[in-house]
Amino acid sequence: MNSFELTTIDLAVMAIYAVFIIGYGLYSAKAQSSEEYFLAGRDMTWPIVGISLFAANISSSTLVGLAGDAYKTNTNVFNYEWLASVILVFFAVFFLPFYLKSKVYTMPEFLERRYDVRSRYYFSFITIVGNVMLDTAAGLYVGTVILKLLFPNLSTFAIVSILALAAAAYTVPGGLNSVIQTEVIQAILLIFGSCLITYYTFDAIGGWSNMIATLNEMGAAGTLPNPNGVDAVASGYPQGTATSVIPLAERVYDSAGYAPSSAEEVLSLVRPTGDTLREFLLGTGGDGFMPWTGLLLGAPILGFYFWANNQFMVQRVLGAKDINHGRWGALFAGLLKLPVLFIMVLPGTAAIVYIQQQGGLAEGFDISTINYQLPGGGICENLVDCPNATYPVLLFEMLPTGILGLVLAGLLAAMMSSVSATFNSASTLITMDFAIKIKPDLTSKQLVRIGQISTLVLVVLACLWAPQIEKYDSLWEYLQLVLSFIAPPIAAAFIVGLFNTRANGTGAFVSLMAGAAISVIYLFADAFGWDSWFTEMHFLHRTVYLFIVCALINLGVSYQTAPPRAEQVANYTWSKRLIAEETEELRELPWYQNYRYQAVILLLLTAILVGYFW
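So, how was this worked out
Residues numbered from 1 in each chain as written. Predicted model: local features only at pLDDT ≥ 70, side-chain atom pairs only at ≥ 80, totals over all residues. Heavy atoms only, no water. Helix = DSSP H or I, 4+ residues; strand = E, 2+ residues; numbered from the N terminus. Expected span 1.5 Å × (residues − 1). Buried < 20%, exposed > 50% of the residue type's maximum accessible area, 1.4 Å probe, protein only. pLDDT = per-residue confidence, 0-100. Core = buried A, V, L, I, M, F, W, Y, C linked by side-chain atoms within 4.5 Å. Contact = heavy atoms within 4.5 Å. Salt bridge = Lys/Arg side-chain N within 4 Å of Asp/Glu carboxyl O. Patch = residues over 30% accessible without salt bridge, like charges linked within 9 Å, V, L, I, M, F, W, Y side chains within 5 Å. Areas by Shrake-Rupley, 256 points an atom, 1.4 Å probe, with all protein chains shown as cover. Bend = angle between axes of the 7 residues up to and from the residue.

**Comments concerning helix 22 (residues 539–560)**
Argument step 1. With 22 residues, helix 22 should cover 32 Å at 1.5 Å per step; its first-to-last C-alpha distance of 31 Å lies within 8% of that length.
Argument step 2. Burial in helix 22 covers these residues: Phe-539, Leu-540, His-541, Arg-542, Thr-543, Val-544, Leu-546, Phe-547, Cys-550, Ala-551, Asn-554 and Ser-558.

Here it is as structure tokens:
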């Protein structure tokens, strides 16, 4: 395999596209008022809402994460994608009407209206931290993964700084409208590029049937990538030896975890859990990535937080021109998630076969020539040791000259778009949840200025944190690990608050503090190597247990303290009366514009797809 080099044509295409996207972002700027800057003037139509939601989620970090885990035979990473379709239906039915009717700027602001200001401040703070650690830093990290292959002599910090400044170039002056308008272009280009990579990859390996046959052969021979950890001692090496140092032929994998052994098992979305009661409760002993218990119980909580509580995502729906466009846009985003399996996940699975075929050639397949640097130092020699390089490998191996430059530019621009979106959402939180509370008499122009300054501060913080992600084996592992701490307490507060009229501000705040304390205890336990069921537990099981504990604390404390004010219950809790009122409103629309019919169709399509790959 050759090292990654771009032709003059590719470089020219990238340069032209970069100038175009920054220029278009500045052209689309709306910053005359705080509503324009932070919510794009609240006049977005459903196609823009849907594509923007999809683009903000399917960013470059998602592309790299999905393909990387699929190469490790974790095709069930797609569960996070199809679950989004189901969660967006739940969101459109129950939560979205309250968000839009309340005319809030931020999710913490909504939490204050339902509970009190303490919950608002905590949620806002934790969301800002999450935006920097999760969304922004991950997006910048992907940029380093790509650019380090092209410019190996540049440091990670230098690359991160360049990308962050490029993203800020149109985000700071332009606000949410600049972010969203550029996202639409990025999404179209990413889908186009992903379709091309899928086509060329399957063409290179001989099509679907040949992939199935080769996966079965590799399974029978025991040569499929093993998703479990390597036991260094059993492999004949000292404890703590880096996996990349141990030759593939000498590796002995942890036998306690599940490993697919056929094409059917590789493509299965529903994986086994452990056999004993202890393993069942902890989520261990079965599939290490996502056992079916984690899929059923933990993954929906992470998805609910991401799609229904996360300012980064919900901000797009808050900018919808009315409730119908908000609902249609959310469901449209759910529909766009379904083809992700074919154009973003399965190419990673096909890469297993491609690497196997190339390895059988006389000249072999030497991945070390791409100069992918391992976190512990050294150059990656096998894709199993650096799965995050799967998508870049396919990118450079499959796409022809010119098209490569365009898709690569789109990938990097999508990364900038995702980063700029998190900058904008975090600056919205800082401005609307903190600045205006400290000084209520700020003018709209001053609020915009504070948002711009806070964006620049966030740029610096993200640049400092992004290089730390290199310490994790999988980008997707990092993303879900951080979410498993942030999501459960917040999701519990929102769900309990919407469906229980007795939940109050004290109960919500105590539950949030309890969730934070439990997360800190786990971090210390993990850092000091405490060997217990608490640290052994699968993160998706930890997610659901933490959610249940926080929900029970919220309810328990609420019932022991004063009830919430009447207006909090009347305006921000769900009741059956709302169904009857909504039914009357929907009578005026033709059936194809009725979001209920659209939701049923989306759920049916999702069920068919999941059922086929069960």
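**Topic: the confidence of the model for the chain**
Argument step 1. Considering every residue of the chain, the mean pLDDT works out to 81; 86% of them sit at 70 or more.
Argument step 2. Across the chain, the element-wise mean pLDDT spans from 50 in helix 2 (residues 34–39) up to 95 in helix 25 (residues 595–612).

**Quick look at unusual backbone geometry**
With glycine set apart, most residues show a phi of negative sign, and most peptide bonds adopt trans.
Argument step 1. The backbone of Thr-73 sits at a positive phi, close to 70°, despite the residue not being glycine.
Argument step 2. Summarising the element assignment, Thr-73 is placed in the loop between helix 4 (60–71) and helix 5 (79–102).
Argument step 3. Judged by its relative accessible area of 0%, Thr-73 falls in the buried class.

**Notes on the nonpolar core**
Argument step 1. In terms of nonpolar packing, the biggest core is built from 168 residues, with Tyr-80, Phe-91, Tyr-99, Leu-395, Leu-408 and Phe-494 touching the most fellow members.
Argument step 2. Ignoring anything within four residues of it in the chain, the contact list for Phe-494 reads Phe-95, Tyr-99, Met-107, Phe-110, Leu-111, Phe-123, Phe-304 and Asn-309.

**Looking at the pattern of salt bridges**
Argument step 1. Inspection of the entire model under this criterion finds 12 salt bridges.
Argument step 2. A salt bridge links Glu-582 to Arg-596; the shortest N-O distance between them is 2.8 Å. With Glu-582 in helix 24 (residues 577–586) and Arg-596 in helix 25, the pair connects residues that are 14 residues apart, well separated along the chain.
Argument step 3. Classification of Glu-582 as buried rests on a relative accessible area of 13%.
Argument step 4. One network of salt bridges, with partners in common, ties together Arg-327, Glu-582 and Arg-596.

**Focus: the side chain of Thr-349**
Argument step 1. Note on placement: Thr-349 falls in helix 15 (residues 340–359).
Argument step 2. Every residue in contact with Thr-349, bar those within four places of it in the chain, is listed here: Ala-70, Tyr-71, Thr-75, Met-211, Leu-215, Val-266 and Leu-267.

**Quick word on a nonpolar patch on the surface**
Argument step 1. A surface patch of nonpolar side chains, amounting to about 860 Å² of accessible area, comprises Leu-277, Phe-280, Leu-281, Trp-292, Leu-296, Leu-297, Tyr-545, Ile-548 and Leu-552.
Argument step 2. For Trp-292, the location among the structural elements is in helix 12 (residues 292–309).

**Observations regarding helix 12**
Argument step 1. Its 18 residues place the ends of helix 12 24 Å apart at the C-alpha level, agreeing with the 26 Å of an ideal helix rising 1.5 Å per residue.
Argument step 2. Of all the bends in helix 12, the largest measures some 40° and sits at Gly-298, one to four residues before the proline Pro-300.
Argument step 3. Among the 18 residues that make up helix 12, 14 are buried, leaving the element largely enclosed by the rest of the structure.

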